[in-house]
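# Descriptive structure summary
Letter by letter, the chains look like this.
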Amino acid sequence: MTEPPTTAPSPGSPFWQFSLGFYRVPEVAAACVRLQDEADVDVNLLFFLLWNASQHRQLSPAVVEEADRRISDWRQTVIVPLRALRRALKASPGLIEPAASEIFRTKVQALELESERLQQEALYDLARLKLLGEPAASADEAARSNIGAYERSTTRRFPKAPVDVLLAAFAKLPRA
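Summarised in this report is the structure supplied together with it. What you see is a predicted model, and the numbers here were worked out from it, not measured in a lab. Per chain, residue numbering runs from 1 following the sequence as it is written. The predicted nature of this model means local features are confined to residues of pLDDT at least 70 and side-chain atom pairs, given and counted, to a pLDDT of 80 or more, with totals for whole chains, interfaces and linings taken over all residues. Note that water and hydrogens are dropped before the side-chain values are worked out from all heavy atoms of the structure.

Bringing the nonpolar core into the picture now. Grouping buried Ala, Val, Leu, Ile, Met, Phe, Trp, Tyr and Cys residues that are joined through side-chain atoms within 4.5 Å yields what is termed a nonpolar core. When a residue's accessible area, from a 1.4 Å probe over protein chains only, is under 20% of the maximum for its type it is buried; when over 50% it is exposed; and in between it is partly exposed. Phe 22, Phe 47, Phe 48 and Phe 170 are the most contacted members of the largest nonpolar core, which totals 47 residues. Helix and strand definitions follow DSSP, with helices as H or I runs of at least four residues and strands as E runs of at least two, each counted in order from the N terminus. Sorting elements by how many residues they give to this core places helix α3 (residues 43-54) first, with nine residues.

Here's what the structure looks like:
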């Protein structure tokens, strides 16, 4: 997920609002980038699983696979190229004056964030249309289970340290 702006309220679903708040928790952004870079984790899908966990819902690997399948084209066609462009612009190409390049990079970052919001809104709509998951005894149990289901639904191993950071941050969230 792209760093959200610190000003101006963001429209969006309860899931999007959860994601914005969770991403700002110390160490969460770095853990997400590590999972994204080392295990090709879709942070928006990961946050979807944590948001469901906050609702005491556990999702099976099959449900996670289905959600991932539904968003994969958008991720690969829109989000990944925008992220790559934003990251490439971080080292200002010599042709363009650095200040102008940074303004352009900021615009690309805003597009990337909006593309992530749209993906999350699609996931939220999926959750509203279908009652996903099974009830969990606790949000923390559901979070561990949902991340495990995501890992099992892929052929990748998730690095333990950033997963532990996310679970610890999730456990500290205020509960309604």
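Now, onward.
On to the packing of aromatic side chains, then. How two aromatic rings sit relative to each other is given by the distance of their centres and the angle of their planes. Stacked, edge-to-face and tilted are the three classes for Phe, Tyr and Trp ring pairs, Trp counted by its six-membered ring, which pair at centre distances within 6.5 Å; planes under 30 degrees apart are stacked, over 60 edge-to-face, the rest tilted. Within this structure, the stated rule accounts for eight aromatic pairs. Measuring from centroid to centroid gives 5.7 Å for Phe 18 and Phe 22, while their planes differ by 10°, and the two rings are stacked. Highlighted residues: Phe 18 and Phe 22, both in helix α1 (residues 14-23), separated by four residues, approximately one helical turn. The class for Phe 18 is buried, based on a relative accessible area of 14%.

Moving on, we come to the environment of Arg 87. Considering the arrangement of structural elements, one finds Arg 87 in helix α4 (residues 61-90). Separated by 21 residues in sequence, Arg 87 and Val 108 place their C-alpha atoms 9.8 Å apart. In protein, a polar contact means a hydrogen-donor-capable atom and an acceptor-capable atom, both N or O and within 3.5 Å, with residues adjacent in sequence counting only if both atoms are side-chain atoms; elsewhere, any N or O pair within 3.5 Å suffices. At 3.0 Å, the side chain of Arg 87 forms a polar contact with the side chain of Asp 37.

The end-to-end C-alpha distance of helix α7 (residues 160-171), which contains 12 residues, comes to 16 Å, matching closely the 16 Å that a straight helix rising 1.5 Å per residue would cover. Of the residues making up α7, those classed as buried are Pro 162, Val 163, Leu 166, Leu 167, Ala 169 and Phe 170. Down the axis of α7, the smallest arc covering the buried residues is 165°, so these residues share one side. Of the surrounding elements, those touching the buried residues of α7 are α1, α2 (28-39), α3 and α6 (139-152). Multiply 1.5 Å by the residue count of a helix minus one, and that product is the helix's expected span. Along the arc lie the directions from the helix axis toward the C-beta atoms. Contacts: residue pairs with any heavy atoms within 4.5 Å of one another.

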